[in-house]
Amino acid sequence: VQLVQSGGGLAQPGGSLRLSCAASGFTFSDYNMCWVRQAPGKGLEYISHITSTGSETHYGDSVRGRFTVSRDNAKNSLYLQMNSLRPEDTAVYFCARGTAWLFYWGQGALVTVSS
Amino acid sequence: EIVLTQSPATLSLSPGERATLSCGASQSVRRGYLAWYQKKAGLAPRLIIYDASTRATGIPDRFSGSGSGTDFTLTISRLEPEDSAVYYCQQYHVSPGFTFGQGTKLEI
């Protein structure tokens, strides 16, 4: 099982970024997927998750209305579209398999929001 | 939302000693839907314990989890220097989503 992330980087306040998470080694369409982040010096924070078929999505209060999670089961890929970015969104973002206990994680992608 | 409170914030121990980390929940975490993670700088979290007391694959038996309801414990016996990390508890009983505690920093 591998989850390989891409798409982090620097964005200005109010800007947008899209994170990707490419899955391999398992049947991607069988699993819910989630996003978790860790801001500098802070703890782990649930961001969002999406069900296996993509029919349901959920968000943490801090990102609801600004971030959108999606998936393409044909491409074995998970996405996080981040709009209206704020400095407090600066963090390392992780994708992970599942929505209960999380054994498989991506390597993390640093997102920095600064002018 | 279930709020998880971990204690102590920091724990400093010597190699060979035993560490006891606590996680308290603001309401009952039914079915023991609680996990523990080890987090080191620059790395993804590593699952240690799930369902309150089941060790994840590849985790040595020095690590054990216990508890139910609102009080959970992670015990690490025979501490080794590589156990130095921040440990987080996570509840996945109340959906959608899940929550983490604020972490305990373990210094060996």
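Note that the coordinates shown come from a computational prediction; the quantities given were computed from them, not determined experimentally. Counting of residues starts from 1 at the beginning of each chain's written sequence and follows it residue by residue. Chains carry letters and ligands carry numbers; both start at the beginning, A for chains and 1 for ligands, and go up in the order they are written. Given that the model is predicted, a residue must reach a pLDDT of at least 70 before its local features are reported, and side-chain atom pairs must reach 80 or more before they are shown or counted; all residues, however, enter totals for whole chains, interfaces and linings. Where side-chain values are given, they derive from all heavy atoms of the structure, hydrogens and water being excluded.

Undergrad: So what's going on with the pattern of salt bridges? Residues and values would help.
TA: Any carboxyl oxygen of Asp or Glu within 4 Å of a side-chain nitrogen of Lys or Arg constitutes a salt bridge here. Following the criterion strictly, the structure yields 8 salt bridges over all chains and no others. In this structure, the salt-bridge partner of Arg64(A) is Asp61(A), at a minimum N-O distance of 2.7 Å. With a 1.4 Å probe rolled over the protein chains alone, any residue whose accessible area is under 20% of its type maximum counts as buried; one over 50% counts as exposed, and the rest are partly exposed. Of the residues examined, Asp61(A) reaches a relative accessible area of 61% and is grouped as exposed. The partner of Glu80(B) in a salt bridge is Arg62(B), with the nearest N and O atoms 3.6 Å apart. Taken together, the positions of Glu80(B) in the loop between β7 (63-76) and β8 (85-91) and Arg62(B) in the loop between β6 (54-55) and β7 put the pair 18 residues apart, joining distant regions of the chain. We classify Glu80(B) as partly exposed; its relative accessible area is 30%. The exposure class assigned to Arg62(B) is buried, which follows from its relative accessible area of 9%. Linked through salt bridges whose partners overlap, the residues forming this network are Arg37(A), Glu45(A), Arg66(A) and Asp89(A). By the criteria applied, helices consist of DSSP H or I runs no shorter than four residues and strands consist of E runs no shorter than two, each listed in order from the N terminus.

Undergrad: Now, about the packing of aromatic side chains: what can you tell me, with residues and values included?
TA: Note on ring pairs: Phe, Tyr and Trp rings are taken, using the six-membered ring of Trp, and paired if centres are within 6.5 Å. Classes follow the plane angle, with under 30 degrees stacked, over 60 edge-to-face and the rest tilted. If you walk through the whole model with that rule in mind, you get 11 aromatic pairs over all chains. Both rings, one in Phe103(A) and one in Tyr104(A), keep their centres 4.8 Å apart while their planes meet at 80 degrees; by these two values the pair is edge-to-face. Assessed through its relative accessible area of 30%, Phe103(A) is described here as partly exposed. One aromatic cluster is present, built from ring pairs that chain together Tyr46(A), Phe94(A), Trp105(A), Tyr37(B), Phe98(B) and Phe100(B). Lysine NZ or arginine CZ positioned within 6 Å of the ring centre and within 35 degrees of the ring normal marks a charge as sitting over the ring. The aromatic ring of Phe28(A) is capped on one face by Arg71(A), whose charged end is 4.2 Å from the ring centroid.

Undergrad: Give me the layout of surface pockets: which residues, what numbers.
TA: There is about 390 Å³ of room inside the largest pocket. Only protein atoms enter the 1 Å grid used here. Points where a 1.4 Å probe fits but cannot escape make up a cavity, open sets with protein on both sides within 12 Å along at least five of seven lines make up a pocket, and a residue lines them when an atom lies within 4 Å of a point. Forming the walls of the largest pocket are 21 residues, and the residues nearest its centre are Tyr46(A), Gly60(A), Glu1(B), Phe98(B) and Thr99(B). Listing elements by their share of the lining of the largest pocket, those giving two or more residues are β5 (44-50) and β6 (57-59) of chain A together with β9 (99-100) of chain B. Each residue is assigned to one of three groups, with Ala, Val, Leu, Ile, Met, Phe, Trp, Tyr, Cys and Pro labelled nonpolar, Asp, Glu, Lys and Arg labelled charged, and all others, Gly among them, labelled polar. Its residues placed into classes, the lining of the largest pocket shows 10 nonpolar, 7 polar and 4 charged. By volume, the second largest pocket amounts to about 330 Å³. In terms of lining residues, the second largest pocket is bounded by 19 residues, among which Gln38(A), Lys42(A), Lys39(B), Ala41(B) and Tyr88(B) are the most central. Broken down by secondary-structure element, the contributors of at least two residues to the lining of the second largest pocket are β9 (91-97) of chain A together with β8 of chain B. Grid points are joined across faces, edges and corners, and a volume is the space filled by probe spheres set on the points.

Undergrad: Can you break down the state of the cysteines residue by residue, with the values?
TA: All names here are of chain A. A pair of cysteine sulfur atoms is labelled a disulfide when the two atoms are within 2.5 Å. With the rule as written, the count across this model stands at 2 disulfides over all chains. Across the disulfide from Cys21 sits Cys95; the S-S distance is 2.1 Å. Its torsion about the S-S bond being 65 degrees, the disulfide of Cys21 and Cys95 is classed as right-handed. Taken as a pair, Cys21 in strand β3 (residues 17-24) and Cys95 in strand β9 lie far apart in primary sequence, 74 residues in all. Comparing Cys21 with Cys95, the two get one shared label, buried.

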